[in-house]
Amino acid sequence: MSQGLHASDKSNSKWLELQAQLARLPSRLPASAQSLAPQQIADQIRQLSNYYIHSPSAVSPWHEPWARHALFSYYHPLNLTRVWAAAERGRHLGFLNDLHHLYDLGSGSGAAAQALSLQQSWTSLELRDVSSAILEFALQVAELPSHTRHTTARLETRPQNLDDPRRSLAVLAHVLTENTEIPSWVFELEALMILEPSTRDDARRLQARRETLMAQGFHIWAPCPHAKPCPLLRDERDWCHDAIEYPAPPWWLDLEAHLPMKNQRLTFSYLLARKTPPPAPSSRPLLRVVGDVLAEKGKSRTLTCSDGDRAFLSWFPNRRQSPEPTCRRGDLLEWPSAPTNFEKRGQDERQEWRIGDADFPILSQLPDRNDSNR
Ligand SMILES: C[S@@+](CC[C@H](N)C(=O)[O-])C[C@H]1O[C@@H](n2cnc3c(N)ncnc32)[C@H](O)[C@@H]1O
């Protein structure tokens, strides 16, 4: 394993703690909201969803209790899980090491700060949002350390006294769709984490931000396993996103029964950047799995990104002597130490490595539902 990479720890206590916090969410709502039936909460969620559909660029209606309840009952657990997953990808690389101060910008109900507090303790945490109503609500309901402070301000406004910038992380979770520019003061910090929806447009816009960040002195730690131009930007049909199985608690399943949208698997696009370079890979190249594993006519294949190139890994399950590869979308792999009977086929967007019996060690894998009860 490359120096600095942490083993992927599937039965990790942080995964169990995420599930425990998801299970506790309804009990943290104000008493008036706790007495609502799942059907009534589902109606509030539909109302918020319709609000965004009809007024996509309007200010979020956080002064309305129904909107805050809908946010906390629906979007908060999903975004908490997504940010946790992106942070977990980072943790495998040592991304959070030596970071002590956290700014959650456009925090809403504080899902990102809660997820990052599950990963490690922070000396200081600031939630920042334009809405004081949502900040006060976040401090009541999100499970956050007692020293969390909040600032009602636009994220573009530089804090007067920055906590030690060389030990600070800013997280911008699901906020750049509303604000196209990354606030310039954030470039003074050591680390930056951005999450965006996994739609093609949002994800491609995020991939294009790599160049801006690199020009500001950042190194991209994840998902990219290289610093070359993004190969998935060449063809507009491609986009990069990751996924995690949602460990839905029982109360969620009762609620989801009243909703048209289902969330078994959560997808997200993300970038993790630091001024410090990422751990040097071993002599073997790293690959990021950027597609699902597709089984087609006796052959399986999945798209990977490596060293500025995209290529499929493909294998014939029936011809393999060794067990089938278990990699999934988003995993970080290492090129095998002893490649056997590899064959390079096709070129450009059809480029493919037939991997025969080779096994690509998985350096980062997110837990799934089967890991829940360990
Ligand atoms: C879609 S919510 C995301 C909330 C949270 N980060 C999450 O991932 O669940 C976006 C939040 O950003 C806030 N916001 C939008 N524009 C902002 C700005 N310019 N400055 C500060 N907050 C802003 C909104 O009030 C809203 O709470």
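What counts, and where the lines are drawn
In this convention, every chain numbers its residues from 1, walking through the sequence in written order. Per-residue local features of the predicted model are confined to residues with pLDDT of at least 70, and side-chain atom pairs are confined, for both listing and counting, to 80 or more; whole-chain, interface and lining totals are unaffected and use all residues. We call a residue near a molecule or strand when its C-beta atom, built from the backbone, sits within 6 Å of it. Helix and strand assignments follow DSSP, with helices taken as H or I runs no shorter than four residues and strands as E runs no shorter than two, numbered in order from the N terminus. Three classes are used, and their members are as follows: Ala, Val, Leu, Ile, Met, Phe, Trp, Tyr, Cys and Pro are nonpolar, Asp, Glu, Lys and Arg are charged, and the others, Gly among them, are polar. A helix is expected to span 1.5 Å multiplied by its residue count minus one. A residue's bend is simply the angle between two axes: one fitted to the seven residues ending at it, one to the seven starting at it. Buried, partly exposed and exposed are defined by the number of other C-beta atoms within 10 Å of a residue's own C-beta, namely 20 or more, between the two limits, and 12 or fewer respectively, with C-beta atoms placed from the backbone. To define axes, lines are fitted to C-alpha atoms, for helices over the stretch in contact only, and angles between the resulting N-to-C directions are given on a 0 to 180 degree scale. If an angle is under 35 degrees, it is roughly parallel; if it is over 145, roughly antiparallel; if it lies from 65 to 115, roughly perpendicular; otherwise it is oblique. Contact criterion: two residues are in contact if their C-beta atoms, reconstructed from the backbone, are within 7 Å. Where a domain begins and ends is set by an automatic assignment or by a domain database.

1. Details of the site of the ligand
Near the ligand lie 19 residues; those nearest to it are Asn 79, Gly 106, Gly 108, Leu 155 and Ala 173. Of all the secondary structure elements, the ones that give two or more residues to the shell around the ligand are α4 (65-93) and α5 (111-119). Here the residues of the shell around the ligand sort into eight nonpolar, eight polar and three charged.

2. What to know about α4
Each full turn of the α-helix corresponds to 3.6 residues, which orients residues three or four apart in the same direction. For α4, with 29 residues, the first-to-last C-alpha span of 40 Å sits near the 42 Å given by 1.5 Å per residue. Of all the bends found along α4, the most pronounced is centred on Tyr 75 and spans about 40 degrees, while Pro 77, a proline, follows it within four residues. Most of α4 sits inside the fold, with 25 of its 29 residues counted as buried. Looking at the residues trailing α4, positive phi occurs at Gly 94, about 85 degrees.

3. Structural notes on the packing of helix α1 (residues 13-28) against α4
Interaxial distance between α1 and α4 falls to 11 Å at its minimum, and their mutual angle equals 170 degrees. Between α1 and α4, the crossing angle belongs to the class labelled roughly antiparallel. Facing α1, whose interface residues are Leu 18, Leu 22 and Leu 25, α4 presents His 76, Pro 77, Thr 81 and Trp 84. Here the contact of α1 with α4 is built from residues that sort into five nonpolar, two polar and no charged.

4. Observations concerning the domain arrangement of the chain
In terms of domain boundaries, the chain breaks down into domain 1 (13-274) and domain 2 (286-371). Here the C-alpha centroids of domain 1 and domain 2 sit 30 Å apart. In this assembly, 20 residues from domain 1 lie in contact with 21 residues from domain 2. Here the residues of the side of domain 1 that touches domain 2 are counted per class, giving twelve nonpolar, two polar and six charged.

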